[in-house]
Amino acid sequence: MISANIFLGMPGPTSMIIIVVAILLLFGGKKIPELMRGLGSGIKEFKDASKDEEDNKDKK
């Protein structure tokens, strides 16, 4: 199982902790909620745009 994680490049718990700490150090605790809010609104806009595009294809 461990060799599969290394081979496939899947991060383990230690790697995830290091990544989270690095993000906290780079952006700070106060900036992360703003970044997540922006990411969420971007995803919502993308879904709405793709849904509108599908509706336009159906009408043609």
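Every value quoted in this text rests on a predicted model; they were computed, and no experiment measured them. (Residues numbered from 1 in each chain as written. Predicted model: local features only at pLDDT ≥ 70, side-chain atom pairs only at ≥ 80, totals over all residues. Heavy atoms only, no water.)

Engineer: Would you mind going over a nonpolar patch on the surface with me for this structure?
Structural biologist: A cluster of nonpolar side chains, Met16, Ile19, Ile23, Leu26, Phe27, Leu35, Met36, Leu39 and Ile43, forms an exposed patch at the surface whose accessible area comes to about 850 Å². Where the nonpolar patch is concerned, the elements lending two or more residues are helix H2 (13–27) and helix H3 (31–59). Here the nonpolar patch gets 5 residues from one element, more than from any other, and that element is H2. By the element assignment, Phe27 lies in helix H2. Phe27 gets classed as partly exposed once you look at its relative accessible area, which sits at 43%. (Patch = residues over 30% accessible without salt bridge, like charges linked within 9 Å, V, L, I, M, F, W, Y side chains within 5 Å. Areas by Shrake-Rupley, 256 points an atom, 1.4 Å probe, with all protein chains shown as cover. Salt bridge = Lys/Arg side-chain N within 4 Å of Asp/Glu carboxyl O. Helix = DSSP H or I, 4+ residues; strand = E, 2+ residues; numbered from the N terminus. Buried < 20%, exposed > 50% of the residue type's maximum accessible area, 1.4 Å probe, protein only.)

Engineer: Where do I start with H2 in this structure?
Structural biologist: The periodicity of an α-helix, 3.6 residues per turn, causes residues three or four places apart in sequence to face the same way. Taking 1.5 Å per residue as the helical rise, H2 with its 15 residues ought to reach 21 Å, and the 21 Å between its terminal C-alpha atoms agrees with that figure. A positive backbone phi angle near 85° is found at Gly28, which sits one or two residues after H2. (Expected span 1.5 Å × (residues − 1).)

Engineer: Would you mind showing me how to read the environment of Ile23 here?
Structural biologist: Along the chain, Ile23 falls in helix H2. If sequence neighbours within four positions are ignored, Ile23 has contacts with Gly28 and Ile32. (Contact = heavy atoms within 4.5 Å.)

Engineer: Mind showing me how you'd approach the confidence of the model for the protein chain here?
Structural biologist: Close inspection of predicted coordinates is inappropriate in any region flagged by low pLDDT. Here the protein chain shows a mean pLDDT of 80. Residues at 70 or above account for 78%. Helix H1 (residues 2–8) is the least confidently modelled element of the protein chain, averaging 57 in pLDDT, while H2 averages 86, the highest of any element. (pLDDT = per-residue confidence, 0-100.)

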